[in-house]
Amino acid sequence: MASLMFRTVRSISQKAPHRQLSVASARLASDLPAKSAPSAAQVPGTITVEGWEDLSAINGHPAEELVTRRVRVYQPAKNAMQSGTHKYHNWVLEFDTQERWENPLMGWASTGDPLSNVQVEFATKEEAIEFCEKNGWDWSVDIKTPVKPRVKSYGANFSWNKNTRTSTK
Amino acid sequence: MANRVAIQKTVRHVKPLISQNNQEARSRVFGLYKAWYRQIPYIVMDYDIPKSVEQCRAKLREKFEENRHVKDIRVIDALVIKGQQELKETVNIWKQKHHLMSQYFKETQEPKPKDFLSKFLAGQ
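Everything numeric here is computed off the predicted structure, so don't read it as measured data. Counting restarts for each chain: residues are numbered from 1 in the order of the written sequence. Written order decides the labels, with chains lettered from A and ligands numbered from 1. Per-residue local features are limited, in this predicted model, to residues with pLDDT of at least 70; the limit for side-chain atom pairs, both in listing and counting, is 80 or more; totals at the level of whole chains, interfaces and linings are taken over all residues. To obtain the side-chain values, all non-hydrogen atoms of the structure were included, while hydrogens and water were left out.

Caption draft 1: Spatial organisation of the environment of T111(A). All names here are of chain A. Here T111 lies in strand β6 (residues 109–111). Only protein chains enter the accessibility calculation, which uses a 1.4 Å probe. A residue is then buried if its area is under 20% of the maximum for its type, exposed if over 50%, and partly exposed in between. Residue classification places T111 among the partly exposed residues on the basis of a relative accessible area of 33%. Through-space distance from the C-alpha of T111 to that of W101 is 6.3 Å; in sequence the pair is ten residues apart. The definition of a polar contact used here is a pair of N or O atoms within 3.5 Å, where within protein one atom must be able to donate a hydrogen and the other to accept one, and adjacent residues in sequence count solely through side-chain atom pairs. A polar atom in the side chain of T111 sits 3.3 Å from the backbone oxygen of E99. A polar atom in the side chain of T111 sits 3.1 Å from the backbone nitrogen of D113. What counts as a helix is a DSSP run of H or I of at least four residues, what counts as a strand is a run of E of at least two, and both are numbered from the N terminus.

Structure (structure tokens):
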């Protein structure tokens, strides 16, 4: 069902050297350069950098995780009960499932993957993508298909022009 | 996605960590390398690890070469700071013998299976 509910957008880049060129993310307003040319009025004591930082060298992750891990960015589904929706507007970043097994005797679920329970929340998907790009992770974004709420009205069952009971006629 | 825009290689002005330019960052890297290089005989003696000074120097070189591709001055500075912390921890004997052996030489670490059959045999 997940494949029906979500449209998946993947990062085009597969290899790290091309990552910087094909990064697709909207920028935050505060990070955007000033409208004038960058060379104009550089604040003393600042340095000039190009593109995003590549933090993969200092974030402490093992090097092989850069190629073997994939990050999924999605919006969590709303609780089906009558809870509020306050928690469901965030974008959540999580890693793919690895090193998970079931205990053959008791059926306990186990994992040897320290990133299995990591869920990072972001206000927008662009922030999440930017975070992935900075850390050098291969990411994909699942976009929720907007569901139009069905009008549920008892009175409509007796209306002459609303086809609410077509299946029973 | 309509609102996705291809990243532009924009130029930004940002605060440096320490170094103001490439030459300064480079000299910091060389300074760290030399400090490690000079300490290695004492480290080998103090920790009594089953490695020779030459092997340790080769490992030092290897560790520096791993980050050769890094171009961002701030990332280089961060790496140098981490390297200095490591050196301080090592020289002050805040580490123990197995820290050095497991962190740098990893002799007891089994490589992860890569091809299909060995992955299958390892239960993956």
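The rest of the description comes next.
Caption draft 2: Summary view of the packing of helix α1 (residues 22–47) of chain B against helix α3 (residues 73–91) of chain B. Residue and element names in this part refer to chain B. Simply put, an axis is a line fit to the C-alpha atoms, just over the touching stretch for a helix, and the angle between two N-to-C directions goes from 0 to 180 degrees. Closest axis-to-axis distance for the α1/α3 pair is 10 Å, and the angle between their directions is 20 degrees. With respect to each other, α1 and α3 are oriented roughly parallel. Of the two possible hands of crossing, α1 and α3 adopt the one that is left-handed. Counted together, N22, A25, R28, V29, L32, A35, W36, Q39, I43 and Y47 of α1 and I73, I76, D77, V80, G83, Q84, E86, L87, E89, T90 and V91 of α3 form the full contact between these two elements. The residue makeup of the contact of α1 with α3, split by class, is twelve nonpolar, five polar and four charged. Angles below 35 degrees are treated as roughly parallel, those above 145 as roughly antiparallel, those between 65 and 115 as roughly perpendicular, and all remaining angles as oblique. In this scheme, a crossing is called left-handed if the near helix is turned counterclockwise away from the far one by less than a right angle; it is called right-handed if the turn is clockwise. We call two residues in contact whenever any of their non-hydrogen atoms come within 4.5 Å of each other. Under this grouping Gly is polar, as are all residues other than the nonpolar Ala, Val, Leu, Ile, Met, Phe, Trp, Tyr, Cys and Pro and the charged Asp, Glu, Lys and Arg.

Caption draft 3: Expanded view of the pattern of salt bridges. Each salt bridge in this description consists of a side-chain nitrogen of Lys or Arg and a carboxyl oxygen of Asp or Glu lying within 4 Å of one another. Across all of its chains, the model carries 18 salt bridges over all chains by this definition. The salt bridge involving R69(A) is made with D96(A); its shortest N-O contact spans 2.9 Å. Here the residue R69(A) occupies a position in the loop between α3 (65–68) and β3 (70–74), and D96(A) occupies one in the loop between β4 (91–95) and β5 (100–102), the gap between them amounting to 27 residues. Here D96(A) falls in the partly exposed class, since its relative accessible area comes to 25%. Each of E53(A), E130(A), K134(A), R12(B), D72(B) and R74(B) takes part in one network of salt bridges that share partners.

Caption draft 4: Focus on the packing of aromatic side chains. Note on ring pairs: Phe, Tyr and Trp rings are taken, using the six-membered ring of Trp, and paired if centres are within 6.5 Å. Classes follow the plane angle, with under 30 degrees stacked, over 60 edge-to-face and the rest tilted. Under the defined criterion, the tally for this structure stands at eight aromatic pairs over all chains. On the basis of an interplanar angle of 90 degrees and a centroid distance of 5.1 Å, the ring pair of Y33(B) and F64(B) is categorised as edge-to-face. With Y33(B) in helix α1 and F64(B) in helix α2 (residues 53–66), the pair connects residues that are 31 residues apart, well separated along the chain. Residue F64(B) is classed as partly exposed on the basis of its relative accessible area, which comes to 24%. These aromatic residues form a ring-pair network of at least three members: F95(A), F122(A), F131(A) and W137(A).

On their own, these measurements won't tell you what the molecule is for.
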